[in-house]
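What follows is the residue order along each chain.
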Amino acid sequence: MIAPITETDFKQLDQLAKKYPERRSALLPMLHYVQSVQGQISPAGISACANVLDLTPAEVAAVATFYTMFKRFPLGKHHIGVCTNSLCAILGGDELWRELSETLGVGHDETTEDRMFTLERIECQAACTMAPVLTVNWEFFDNMTPNKVRELIEKLKSGAPVQSTRGAVITSIADTERVLAGFNDGKSEEGEAIDDAMLAGLQVAKARGMRAPRGEGF
Amino acid sequence: MALTPILTANWDKPKSWTFDTYTATGGYQGLKKALKMAPDEVINIVKDSGLRGRGGAGFPTGLKWSFVPQNDGKPHYLVVNADESEPGACKDIPLMLANPHALVEGVIIASYAIRAKEAFIYIRGEVPHVIRRVSDAVEQAKANGLIGKNILGTDFSINIVVHAGAGAYICGEETALLDSLEGRRGQPRLKPPFPAVAGLYASPTVINNAETIAAVPVIVLNGADWHKSMGTEKSPGFKLFALSGHVERPGIYEAALGTPFSELLEYAGGVRKGHKLKFWIPGGSSVPMLTPEHVDIPMTYEDLQAAGTMLGTGTPMIFDETVSVVRAVSRWIEFYKHESCGKCTPCREGTGWMVGLLEKFEHGEGKHADLDLLHDISAQIAGRSFCALGDAAATPFPAAMKYFKDEFEQAETIAPHTVFPFEKSHKFETASVS
């Protein structure tokens, strides 16, 4: 069942369009919004965006089909992405992929029967210093191992709280899509811990008494 | 040379990303100083500082700003490229997580300098937490009267929109980013006209990388000479270097440009224990790889160019002797195939062709003649596409052949994974999987 695009949704889409000097600029955020409501980009969602922006459905579909994050199949509750670009793959990402794919019994861009998980091989996530990396609803899970992957899946299945290593507590891909559409979910304070890798240079500098030339503002 | 924590200096403070932490350490003082100067004076400081783009191309930032025509009656726009997606690049995302206000302050100053009233921060879609942090930083700056109408009692007004992409590497290319920001497929435009003349909505637009813009406030505050006291003549200043892969302590190392790679590697604890360096890539998969003989190269735009490669994003990936070059290159080409936007035939067709050929080498079934063919295809893609993605796709194979031809030849008969068992490269312990 695909949720309908309601009158309220149309108002929200219109609000997004108003943020930009030219309304069409809001199309990507609008498609994120549609995906948060419908769990996918459906023909009805495409028509809704077209309607709000005064475009043809074909023009909107051309955009929606270009971007990897927009799916024309229903996503599960959680989206799991495994980085299998060279560096992550080599450091263990391929093994994590094998582990996840076997555990969940699904392949790339497929969803488990219970509709809990959609699995995807993803490209570089700009987290190479924490490789191998995977994402749940696009929140980082750094320095992963097969054991951590098994634990993560068990927790998500049981509904226990799961905290991203450098991000928010996991809820659902629908909630993430709402954030990407531009709606503040008030979770920016979550995930206080800054990763060791982010502090590596600063700690070496402090230990060795190194500093930048004296200046202000830092 | 030494480490120079500036943008990273306060990352170990509690809630380093908040307005209070940022202002407690002198944040937004650069903006206050800038607003007391004429916009052209701000451009001149950045020009004199020698700041160059940190996204890969290394174009002088102040010069780029000065290309924007003035008194042309058109709106001007500042667009921040925060679409960090280059394989190996992992500096803008941590920077925006830990210190988003440096970016926001830089955006306000840059907008003032180029006379833009509207700025956009285009962040890749796959990083919701970064989008939260940057959006909050914008809101906090707004609440403190630093964004909005007539800020700090001046006649300067600025609005900032944080915009999420949707998973397309090509949108890191500046003109594809503009098309994407206009709500279209992210495909590159032919240049000229350059964005400084006809960019977003065909209006004068400056596009800068996130790290570049985040460096602007401290440069304005401390002056061009302070900036030039770090780095080299052609590569002044400081840079976020991110070392990843087979090192003991992967991470962000902020240092003066010109710091030799070997010194950065030493800060990172060296190659992981019991192993030795095989190859490294100074700044993303789009720049040619180097070998142990190159480790003493100073990390500057000019020195790396002289060595036949580029500084790129300044984020070295380090691989030890357990890694198959064939496997690494093949996977990178798969990436370029996946991310090619399809606009230009050489890139669209060439990447697919290369993937098919390289797959055979991954299975130990490469044909010797295909090595020549792969060279030919690379040469046919390079320089024959609208944007740098094509050039990038044509880079890894010839670069790898320069140093590791024997490994490709070996893969004509022996599958790389039998010579380089995958589990030996893992960061975690794995039972042998065959």
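Residues numbered from 1 in each chain as written. Chains lettered and ligands numbered in written order. Predicted model: local features only at pLDDT ≥ 70, side-chain atom pairs only at ≥ 80, totals over all residues. Heavy atoms only, no water.

**Focus on unusual backbone geometry**
- Residue Pro 132 of chain A is reached from Ala 131 of chain A by a cis peptide bond, and omega for that bond is -5°.
- Within the element layout of this structure, Pro 132 of chain A appears in the loop between β3 (117–122) and β4 (134–136).
- Of note in the backbone geometry, Arg 115 of chain B takes a positive phi value of approximately 60° without being a glycine.
- Considering the arrangement of structural elements, one finds Arg 115 of chain B in the loop between α6 (100–114) and β2 (118–123). (Helix = DSSP H or I, 4+ residues; strand = E, 2+ residues; numbered from the N terminus.)

**Focus: the interface of chain B and chain A**
- With 96 residues of chain B at the interface, the matching set in chain A holds 84 residues.
- Together chain B and chain A conceal approximately 7300 Å² of surface at their shared face, both sides included; 60% is due to carbon and sulfur atoms.
- Ranking the residues of chain B by area buried against chain A places Arg 132, Arg 331 and Phe 428 of chain B at the top, with a combined share of 10%.
- Counting across the chain B and chain A interface gives 42 residue pairs in polar contact (both at pLDDT 80 or more).
- At seven residues, helix α13 (residues 325–339) of chain B tops the list of elements feeding residues into the side of chain B that touches chain A. (Contact = heavy atoms within 4.5 Å. Buried area = accessible area lost by both parts, 1.4 Å probe. Polar contact = N/O pair within 3.5 Å; in protein donor to acceptor, adjacent residues only side chain to side chain.)

**Some details on α13 of chain B**
Residues and elements named next belong to chain B.
- The first and last C-alpha atoms of α13 sit 21 Å apart over 15 residues, in line with the 21 Å expected at 1.5 Å per residue.
- The buried fraction of α13 is high, at 12 of 15 residues.
- Regarding α13, the residues found buried are Val 325, Val 326, Arg 327, Ala 328, Val 329, Ser 330, Arg 331, Trp 332, Ile 333, Phe 335, Tyr 336 and Glu 339.
- Two or three places before Val 326, at the opening of α13, Ser 324 has a side-chain oxygen 3.3 Å from that residue's backbone nitrogen. (Expected span 1.5 Å × (residues − 1). Buried < 20%, exposed > 50% of the residue type's maximum accessible area, 1.4 Å probe, protein only.)

**Here's the deal with the pairing of strand β6 (residues 251–256) of chain B**
Residue and element names in this part refer to chain B.
- With respect to burial, β6 is a largely interior element, six of its six residues being buried.
- Relative to β6, strand β5 (residues 238–245) is paired through six bridges, and the arrangement is antiparallel. Bridging from a neighbouring strand, Phe 238 pairs with Ala 256 of β6.
- What sits between β5 and β6 in their antiparallel hairpin is a turn of five residues. (Pairing = 2+ DSSP bridges.)

**Describing the sheet that holds strand β7 (residues 277–281) of chain B**
All names here are of chain B.
- Judged by pairing direction, the sheet is mixed, and its four strands sit side by side in the order β6-β5-β8-β7 without closing on themselves. The sheet is open, and its two edges are formed by β6 and β7, each paired on a single side. Ignoring which end each strand starts from, the neighbouring axes of this sheet average 25° apart.
- Against the sheet, α13 engages β7 and β8 (317–320), with an angle of about 20° to β7. (Axes fitted to C-alpha atoms, helices over the stretch in contact; angles between N-to-C directions.)

**Some thoughts on the pattern of salt bridges**
- Considering all chains together, one arrives at 33 salt bridges over all chains under this definition.
- A salt bridge links Arg 132 of chain B to Glu 139 of chain A; the shortest N-O distance between them is 3.0 Å. Taken together, the residues Arg 132 of chain B in helix α7 (residues 128–143) and Glu 139 of chain A in strand β5 (residues 139–141) connect one chain to another. For the pair shown, Arg 132 of chain B and Glu 139 of chain A are each scored as buried.
- The partner of Lys 15 of chain B in a salt bridge is Glu 189 of chain A, and the shortest N-O contact between them spans 2.9 Å. Separated into two different chains, Lys 15 of chain B in the segment before α1 (19–24) and Glu 189 of chain A in the loop between α7 (173–181) and α8 (196–207) make up a pair that spans both.
- Look at Lys 15 of chain B and you get partly exposed, because its relative accessible area is 29%.
- Through salt bridges with shared partners, a single network forms among Lys 91, Asp 92, Glu 211 and Lys 239 of chain B. (Salt bridge = Lys/Arg side-chain N within 4 Å of Asp/Glu carboxyl O.)

**Observations regarding the side chain of Ser 111 of chain B**
- Mapped onto the secondary structure, Ser 111 of chain B falls in helix α6.
- If we ignore the near neighbours within four places in the chain, the residues touching Ser 111 of chain B are Leu 78, Ala 116, Ala 119, Phe 156 and Ile 158 of chain B.

**Examining the sheet that holds β4 of chain A**
All names here are of chain A.
- Across the sheet, which stays open at both edges, the five strands sit in the order β2-β3-β1-β4-β5 with mixed pairing between neighbours. Strands with a single pairing partner mark the edges of an open sheet, and in this sheet they are β2 (110–111) and β5.
- Here strand β1 (residues 78–83) runs beside β3; their pairing, made up of six bridges, is parallel. Counterpart to Cys 83 in the pairing with β3 is Ile 122.
- Packing of helix α5 (residues 86–104) onto the sheet brings it into contact with β1, β3 and β4, and relative to β1 it is tilted by some 145°.

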